Amino acid sequence: MMKLIDLGFDPWFEAHVDDIRHEDQGIARVSAVDRNSYIIRNELREIPAELAGKFYFHVESSFELPCVGDWVTVQYHNDNTSAIIHGVFPRRTFLRRKRAGVEVDYQMIAANIDIAFIVQSCHFDFNLPRMNRYLVMAADGHVEPIVILAKTDLISHDELQQKLAAIRHAGITTRVIALSNITGSGFDEFQEVLMSGRTYCLLGSSGVGKTTLINHLIGRDALDTKAVSGTGEGTHTTARRQLIVLDKGMFIDTPGMRELGLLGASDGVDKGFEDIIELSMACRYADCSHTQESGCSVLTAITNGELSQERYSSYMKLKKESEYHEMSYVDKRKKDRAFGRFIKTAKKNMKR
Ligand SMILES: Nc1nc2c(ncn2[C@@H]2O[C@H](COP(=O)(O)OP(=O)(O)OP(=O)(O)O)[C@@H](O)[C@H]2O)c(=O)[nH]1
Ligand SMILES: [Mg+2]
Ligand SMILES: [Zn+2]
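Residues numbered from 1 in each chain as written. Chains lettered and ligands numbered in written order. Predicted model: local features only at pLDDT ≥ 70, side-chain atom pairs only at ≥ 80, totals over all residues.

1. What to know about the overall build of the protein
Regarding its fold elements, the protein presents 13 helices and 13 strands. In the protein, 64% of the contacts between residues at least 6 apart in sequence involve partners at least 24 apart. (Helix = DSSP H or I, 4+ residues; strand = E, 2+ residues; numbered from the N terminus. Contact = placed C-beta atoms within 7 Å.)

Have a look at this one:
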């Protein structure tokens, strides 16, 4: 049997127990989230869980909902085969992205992370502005970052040295580990960073080798990976964030680019416009509207002839339509509250 401390529940969280937990409740860690369904992990196993209606009712923004890596208080039901989440512990660290919109809204990526591995492939994916964005994201959530330059087997030694120099030249002083999942070079250095009981999150574009790296640690192909297309465009093999517990620490694998793309538009728009999404990652401002901002790489691409005016126009048209249809933050909150009340009455009726 594991102990909670093996899952990262250290004295910092321990200090909050009396404020948060009721006597009849247990403590567990969120290992996966799918809309309103959760999977939690305790000392023994993973168990499906749902939010208590009362908790849902008091939620003011999506930021307060449990996310992967969160510590929660739970009540077990049906012979410990299901659980209800009643509260969330304060987050020591977090990774979140800003969503553009009428009001500032944040999407939580993961909570209570010790180190964020910011993974870029040496080959097609190397991009300093994007690296900076991820570094800002880590700093925002008080997470220590380490840059991983993956797929070093695809470039020459000289090219690798140039890339390392470019990183330093850009003023990035973060530790960089260059590695290849194919030759195994650099893998020892990566492993030396890892410690049991600590939590790591892998961030980076689709297809850069995040999941392959975890499989390498596990020692077999436990998780799905997929070959990237010739253009280097990823296919989003990892579908959702997931906490994986290994001897060498816990890993949160995340899906690549599309989800972590810093554009606020919905998936429907992003699909089919991956080239523009990719460009927008190099825009100076994370919430760039690609209409007039200086440092907008989408507009620059049009000027350079890399992107056609027609393609740009159809993208902007779709984006506008989708933003109109997307619920505003306030409307969402109202709906969430209504849903919370719905669960509450349903439960009352059940008891009768
Ligand atoms: N040449 C080379 N290929 C690699 C390396 N690491 C991974 N790959 C390949 O790159 C492809 C994508 O790897 P994944 O691990 O699925 O990438 P990912 O970052 O998890 O992608 P998403 O889950 O879509 O975010 C697979 O075909 C891997 O075999 C490497 O070091 N060198
Ligand atoms: Mg993956
Ligand atoms: Zn832009």
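2. Observations regarding helix α4 (residues 128-140)
Helical periodicity: at 3.6 residues per turn, an α-helix aligns residues three or four positions apart in one direction. Between its terminal C-alpha atoms α4 stretches 18 Å, which fits the 18 Å expected from 13 residues at 1.5 Å a residue. Among the residues making up α4, those that are buried are Arg130, Met131, Arg133, Tyr134, Met137 and Ala138. Seen along its axis, α4 keeps its buried residues to an arc of 155°; they face one direction. With its phi angle positive at about 60°, His142 sits one or two positions after the end of α4. (Expected span 1.5 Å × (residues − 1). Buried ≥ 20, exposed ≤ 12 C-beta atoms within 10 Å, placed from the backbone. Arc of directions from axis to C-beta.)

3. Re unusual backbone geometry
Phi is positive for Asp79, which is not a glycine, with a value near 60°. Along the chain, the position of Asp79 falls in the loop between β4 (71-77) and β5 (82-88). According to the C-beta neighbour criterion, Asp79 is exposed, with 6 such atoms within 10 Å. Phi at His290 takes a positive value of approximately 60°, unusual for a residue other than glycine. Inspection of the secondary structure assignment puts His290 in the loop between α10 (274-280) and α11 (297-304). Its 20 C-beta neighbours within 10 Å are what place His290 among the buried residues.

4. Overview of the nonpolar core
Ranked by size, the top nonpolar core spans 60 residues in total, and within it Ile85, Leu95, Ala116, Phe117 and Cys201 carry the most contacts. For this core, the element with the highest residue contribution is strand β8 (residues 115-121), accounting for 5 residues. Shared between two domains, this core takes at least three residues from each, and those domains are domain 1 (4-88) and domain 2 (94-260). Setting aside chain neighbours within four positions, we find Cys201 in contact with Leu95, Ala110, Ile113, Ala116, Phe117, Ile252 and Thr254. By size, the runner-up hydrophobic cluster in this structure holds 9 residues, among which are Ile277, Cys288, Val298 and Ala301. (Core = buried A, V, L, I, M, F, W, Y, C linked by C-beta atoms within 7 Å. Domains from an automatic or database assignment.)

5. What about the pairing of β5?
The pairing of strand β3 (residues 46-51) with β5 spans 3 bridges and is classified as parallel. Following the sheet pairing, Glu50 is matched in β5 by Ile84. Looking at chain direction, β4 and β5 are connected through 6 bridges and run antiparallel. Bridge pairing links His77 to Ser82 in β5. The turn joining β4 and β5, which pair antiparallel and follow one another in sequence, is formed by 4 residues; a positive phi near 45° is taken by Asn78. (Pairing = 2+ DSSP bridges.)

6. Description of helix α7 (residues 210-218)
Inspection of α7 places Lys210, Thr211, Leu213 and Ile214 among the buried residues, and these make up the whole buried set. For α7, the buried positions fall inside an angular range of 155° around the axis, keeping them on one side. Where the residues of α7 are buried, they touch β8, β11 (199-203), β12 (242-246) and β13 (249-253). Directly beyond the C-terminal end of α7, a positive phi value near 95° is found at Gly219.

7. Concerning the confidence of the model for the protein
Averaged over all residues, the pLDDT of the protein equals 82, while 78% of them reach at least 70. Per-element confidence in the protein is highest for strand β10 (residues 176-178), whose mean pLDDT is 98, and lowest for helix α8 (residues 257-260), whose mean pLDDT is 44. Segment residues 229-234 is flagged for pLDDT under 50; beyond a separation of four residues in sequence, or across chains, it makes 12 contacts in the model. This model gives residues 258-268 a pLDDT under 50, and the stretch forms 28 contacts once residues within four places in sequence are excluded. (pLDDT = per-residue confidence, 0-100.)

8. Here's the deal with the pairing of β8
Counting buried residues in β8 gives 7 out of 7 residues, a clear majority hidden from the surface. A two-sided burial pattern is seen for β8, the buried positions comprising Ile115, Phe117, Val119 and Ser121 on one face and Ala116, Ile118 and Gln120 on the other. Relative to strand β9 (residues 144-150), β8 is paired through 7 bridges, and the arrangement is parallel. When the bridges of β9 are listed, Ile118 appears paired with Val147. Here β8 runs beside β11; their pairing, made up of 4 bridges, is parallel. Across the sheet, Phe117 pairs through a bridge with Leu202, a residue of β11.

9. A closer look at the environment of Asp10
In this structure, Asp10 sits in the segment before α1 (11-14). Residue Asp10 is classed as partly exposed on the basis of its 14 C-beta neighbours within 10 Å. The spatial distance from the C-alpha of Asp10 to the C-alpha of Arg198 is 9.9 Å, given a sequence separation of 188 residues.

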